[in-house]
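Here's the letter readout for the chains.
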Amino acid sequence: MNTYHSIYNYPKKKSIVTIGTFDGVHIGHKRILEKIIISAKELNCESVALTFFPHPRMILQENSFVKLLNTMEEKIVLLQKIGIDNLIIHPFDKEFSQLTAEEFVKNILVDQLQIQKIIIGYDHRFGRNRTADIQDLIRFGKEYGFEVEQISAQEIDDIAVSSTKIRTALADGTIALANEYLGYNYFFTGTVIKGKQLGRTIGFPTANIHIEEDYKLIPKNGVYLVKSLLNGKLIYGMMNIGKRPTVDGENQTIEVHFIDFDQNLYDQEITMEVLDFIRDEQKFDSLEALKNQIQKDKEQLLYYISTN
């Protein structure tokens, strides 16, 4: 997959295009993207997914703080697996938002992307103030010589419902349901940083994970089963998201204790797949009580590994 960080870097090849945020790149998105790939092969064109960053709401709505299922780097990895030929991530700013619908169609879709066909949702709106709709796009298609294929209301609803259910499931800790809608295990990537090393004092050293992108959606506070590829080996672990109330923590942290693994991970970037939710975060009366609970959590993880 070729990745371009501006529409204007795309090398002007005949294209079949879809436009969207593709947040989560879940099973609903995959069905749409597979249509693009099939159509591009049939028409001997390039398949193109056009998305924008930052998310338009971050720019157009003041004080809007959008939480997304994927960082842009994660989205690139997921879209590459699906097999789309080209991903264009165009910078979204207020100047770009002022393009009229016809300017967007003529200057971007026709002149730059050499669009032959667009596959888009029936509820798609575009142009300055999002005033143009699918009927306008069909009219432009006739004028400029490209085909418009509408994605059905049912498929669009499925995508919207899936995204909502994924977010709700992550907020509730129902990880299996989130992963079912995603079609893969929810994951996030961060850098291992130095913490207070309290875990070592009770026999459960942890890797403290810093996630740079503050727009990444983090599951609710609690303890989770995770797995990660560390130095080429698949390793399971227990992840705690929360404020560590037993030691009077104040800020949210992400800490992972990997079982049967004792190597230096400082400054490494690691990816954790979230497999299941164990329990809510809770405050214990002592570090000894916390240690006993972590041991129980570990037994639950070992049971999970043995049965999956």
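Residues numbered from 1 in each chain as written. Predicted model: local features only at pLDDT ≥ 70, side-chain atom pairs only at ≥ 80, totals over all residues. Heavy atoms only, no water.

Visitor: A description of the overall build of the chain should follow, citing residues and the corresponding values.
Guide: Counting its regular elements, the chain contains 10 helices and 12 strands. In terms of overall dimensions, the chain has a C-alpha envelope of 75 × 40 × 35 Å along the principal axes. Taking all 308 residues of the chain together, the buried fraction comes to 48%. Here the analysis covers contacts within the chain between residues at least 6 apart in sequence; of these, 74% occur between residues at least 24 apart. By element, 47% of the accessible surface of the chain is carried by carbon and sulfur atoms, the whole surface being about 15600 Å². Where the 35 positive side-chain charges of the chain centre and where its 42 negative ones centre are 1 Å apart. (Helix = DSSP H or I, 4+ residues; strand = E, 2+ residues; numbered from the N terminus. Buried < 20%, exposed > 50% of the residue type's maximum accessible area, 1.4 Å probe, protein only. Contact = heavy atoms within 4.5 Å. Areas by Shrake-Rupley, 256 points an atom, 1.4 Å probe, with all protein chains shown as cover. Lys, Arg positive; Asp, Glu negative; His and termini not counted. Charge placed at Lys NZ, Arg CZ, Asp CG, Glu CD.)

Visitor: Report on the sheet that holds strand β7 (residues 187-193), specifying residues and quantitative values.
Guide: Strand order in this closed barrel of six strands is β7-β8-β11-β10-β9-β12, and the pairing throughout is antiparallel. Across the sheet, the mean angle from the axis of one strand to that of its neighbour is 45°, orientation sign disregarded. Two elements, strand β10 (residues 233-242) and strand β11 (residues 253-258), share six bridges in a ladder whose sense is antiparallel. Across the sheet, asparagine 240 pairs through a bridge with glutamate 255, a residue of β11. Helix α10 (residues 287-307) rests against β9 (222-230), β10 and β12 (269-279) of the sheet, and its axis sits at about 140° to β10. (Pairing = 2+ DSSP bridges. Axes fitted to C-alpha atoms, helices over the stretch in contact; angles between N-to-C directions.)

Visitor: Please set out the sheet that holds strand β1 (residues 2-4) residue by residue, giving values where relevant.
Guide: Within a sheet, neighbouring strands are paired by backbone hydrogen bonds and run either parallel or antiparallel to one another. Pairing is parallel across the open sheet formed by six strands, whose spatial order is β1-β4-β3-β2-β5-β6. Looking along the sheet, the strands with just one partner apiece sit at the ends: β1 and β6 (147-151). Across the sheet, the axes of successive neighbouring strands diverge by a mean angle of 20°, strand direction being ignored. Judged from the three bridges that link them, strand β2 (residues 15-19) and strand β5 (residues 115-121) form a sheet pairing that is parallel. From the neighbouring strand, serine 15 faces β5, where its bridge partner is isoleucine 115. Together, β1, β3 (46-53) and β4 (86-91) form the strand contacts of helix α3 (residues 72-82), whose direction differs from that of β4 by roughly 160°.

Visitor: Hey, could you go over the pattern of salt bridges for me, with residue numbers and the actual values?
Guide: In total, this model carries nine salt bridges according to the counting rule given. Of the charged contacts in the structure, one is a salt bridge between lysine 35 and glutamate 155, with a shortest N-O distance of 2.8 Å. Note that lysine 35 is positioned in helix α1 (residues 27-42) and glutamate 155 in helix α7 (residues 153-172), a separation of 120 residues in sequence. Note that aspartate 111 is salt-bridged to lysine 106, the shortest N-O span being 2.8 Å. (Salt bridge = Lys/Arg side-chain N within 4 Å of Asp/Glu carboxyl O.)

Visitor: Which residues make up the nonpolar core, and what values go with them?
Guide: One broad trend across soluble globular proteins is that nonpolar side chains are buried collectively. Judged by nonpolar contacts, the single largest core of 57 residues is most densely connected at Ile209, Met239 and Phe258. Residue contacts for phenylalanine 258: discarding those within four places in its chain leaves Ala207, Ser228, Leu230, Ile235, Tyr236, Gly237, Leu265 and Ile270. Judged by nonpolar contacts, the second largest core, of 29 residues, contains Tyr4, Phe52, Leu109 and Ile118. (Core = buried A, V, L, I, M, F, W, Y, C linked by side-chain atoms within 4.5 Å.)

Visitor: Quick rundown of unusual backbone geometry? Include the residues and the values.
Guide: In this chain, phenylalanine 53 is followed by proline 54 through a cis amide linkage whose omega measures 0°. Even without being a glycine, glutamine 114 presents a positive backbone phi close to 45°. Among the structural elements, glutamine 114 can be located in the loop between α5 (101-112) and β5. Phi is positive for aspartate 267, close to 75°, though the residue is something other than glycine. With respect to the element layout, aspartate 267 can be found in the loop between β11 and β12. Residue classification places aspartate 267 among the exposed positions, given a relative accessible area of 67%.

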